[in-house]
Amino acid sequence: MSKSPNRTRNANAVVTGAGSGIGRAFALELARRGSRVVCSDIDGDRVKETVSMIDRLTSGRAHPVFCDVSVSEDVDELAAQAQEWFGAPTSLMINNAGVGIGGKPVGEIGIDDWQWALGINLWGMVYGSEKFLPQLREAGRGGLINVASTAAFSAAPGMAAYNVGKAGVLALSETIAAELGGTDLAVTVLCPTFVKTNVAVDGRITADASKLAGTLMRYTGLSPDRVAKGTLNAHDRGQLYVVPQLDAKAIWSAKRHLPRTYTAGLGLLNRILPQTGTPSAVPALTTTVGE
């Protein structure tokens, strides 16, 4: 998947959750690369602000579309509006919209919160992939970027609803990459730890966990602009996994090479510091809140 080194330049791109955080950073960077960008979000004011920011640039164009990614019909409408506005198939789809949830163990989360979180973090990615891949195949070049998280493989206590959704996104991305093998379409899945976004504020996170996550995000998180630019560059190279930080790489390595020790360590931290649902859970709160 490395035939087209400039997939992210002059693309017909769609970005979900483009009203803030990583989604806004993706949209702005794509516009700087000369792309036309359909910016979607459930927050109309935020996404219009993103479009206004793009309009002030010297390159790129943007169009706002309301979309609740947890609603299949909304994603159908997004796909239709994108193709109509471009006058051509979408060549780059960025499934980014996501929400944070955490701080409670399984058995106390509640089915409503499970359904809410998975509806956006997992089903939103499924809908975005299922409904845009026909356009990507028609375009013949470009690809798909799914925003997951270190939570996809960290299995942190207190984060089950978030972990399950992001693990599904990772598996979805790997499967699509295999299915697109031999084509000029690339798949990239982003798995960061801390990124400076609204996820600790806008999600359904217990007060203690939210406070700690916000503090760590503020002092240790990467900027959304840096993450977006690096991910787009990786996509141009046809790179499947983007694990941008050293702590994310350490978790990835420990989970794969020392699985029993890793799980035992998480359990110990969970028992020692239970008041936040375990501090090891907090680094899982990484994705942008576009909903």
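Quick notes on the rules
Residues numbered from 1 in each chain as written. Predicted model: local features only at pLDDT ≥ 70, side-chain atom pairs only at ≥ 80, totals over all residues. Heavy atoms only, no water. Helix = DSSP H or I, 4+ residues; strand = E, 2+ residues; numbered from the N terminus. Contact = heavy atoms within 4.5 Å. Areas by Shrake-Rupley, 256 points an atom, 1.4 Å probe, with all protein chains shown as cover. Core = buried A, V, L, I, M, F, W, Y, C linked by side-chain atoms within 4.5 Å. Buried < 20%, exposed > 50% of the residue type's maximum accessible area, 1.4 Å probe, protein only. Salt bridge = Lys/Arg side-chain N within 4 Å of Asp/Glu carboxyl O. Pairing = 2+ DSSP bridges. Axes fitted to C-alpha atoms, helices over the stretch in contact; angles between N-to-C directions. Parallel < 35°, antiparallel > 145°, perpendicular 65-115°, else oblique. Left-handed = near helix turned anticlockwise from the far one by under 90°. Nonpolar A, V, L, I, M, F, W, Y, C, P; charged D, E, K, R; others polar.

### Here's the deal with the overall build of the protein
Helix and strand counts for the protein stand at 12 helices and 9 strands. In the protein, the share of contacts with a sequence separation of at least 24, taken over all contacts with a separation of at least 6, comes to 77%. Counting every atom, the protein has about 11,900 Å² of accessible surface; 54% of that belongs to carbon and sulfur.

### Let's talk about the environment of K255
Looking at where K255 falls in the secondary structure, it is placed in helix α11 (residues 246–257). Sequence spacing of K255 and S154 is 101 residues, and the spatial spacing of their C-alpha atoms is 7.1 Å. Ignoring any residue separated from it by four or fewer positions in sequence, one finds K255 in contact with F153, A155 and Y262.

### Describing the nonpolar core
Core analysis: the biggest nonpolar cluster contains 39 residues, and V14, V38, L78, F132, F153, I176 and C191 have the highest contact counts within it. If you list the elements that add at least two residues to this core, you get α3 (72–86), α5 (123–139), α6 (151–154), α7 (160–179), β7 (185–190), α11 and α12 (259–272). Leave out the neighbours within four places in its chain, and C191 touches A148, S149, T150, F153, L170, V242, V243, P244 and A248. Ranked by size, the runner-up nonpolar core spans 28 residues in total, among them A31, C39, A228 and V242.

### What about the pattern of salt bridges?
Scanning the entire structure with this criterion turns up 7 salt bridges. When the shortest N-O distance is used, the salt bridge between R7 and D184 registers 3.8 Å. Placement of the pair is R7 in the segment before β1 (12–15) and D184 in the loop between α7 and β7, with a sequence separation of 177 residues. Exposure remark for R7: the relative accessible area of 0% places this residue in the buried category. D184 gets classed as buried once you look at its relative accessible area, which sits at 17%.

### Here's the deal with the pairing of β7
Counting buried positions along β7 yields 6 of 6 residues, so the element is predominantly enclosed. Bridge analysis of strand β6 (residues 142–147) against β7 gives 6 bridges, and the strand direction is parallel. For N146, the partnering residue across the bridge sits in β7 and is V189. Summarising the sheet, β7 and strand β9 (residues 241–242) pair through 2 bridges and their orientation is parallel. Note that in β9 the partner of L190 across the bridge is V242.

### Examining the environment of L133
Checked against the element boundaries, L133 lands in helix α5. A sequence separation of 42 residues divides L133 from S91, and the C-alpha atoms of the two residues are 9.2 Å apart. Residues in contact with L133, not counting those within four places in the same chain, are I176 and L180.

### Points about the packing of helix α1 (residues 21–32) against helix α2 (residues 44–55)
Direction vectors running N to C along α1 and α2 enclose 25°, while the axes themselves pass 10 Å from each other. Taken together, the axes of α1 and α2 are roughly parallel relative to one another. In terms of crossing hand, the pair formed by α1 and α2 is right-handed. On α2, the residues touching R24, A27, L28 and A31 of α1 are R46, E49, T50, M53 and I54. Classifying every residue of the contact of α1 with α2 by side-chain character gives 5 nonpolar, 1 polar and 3 charged.

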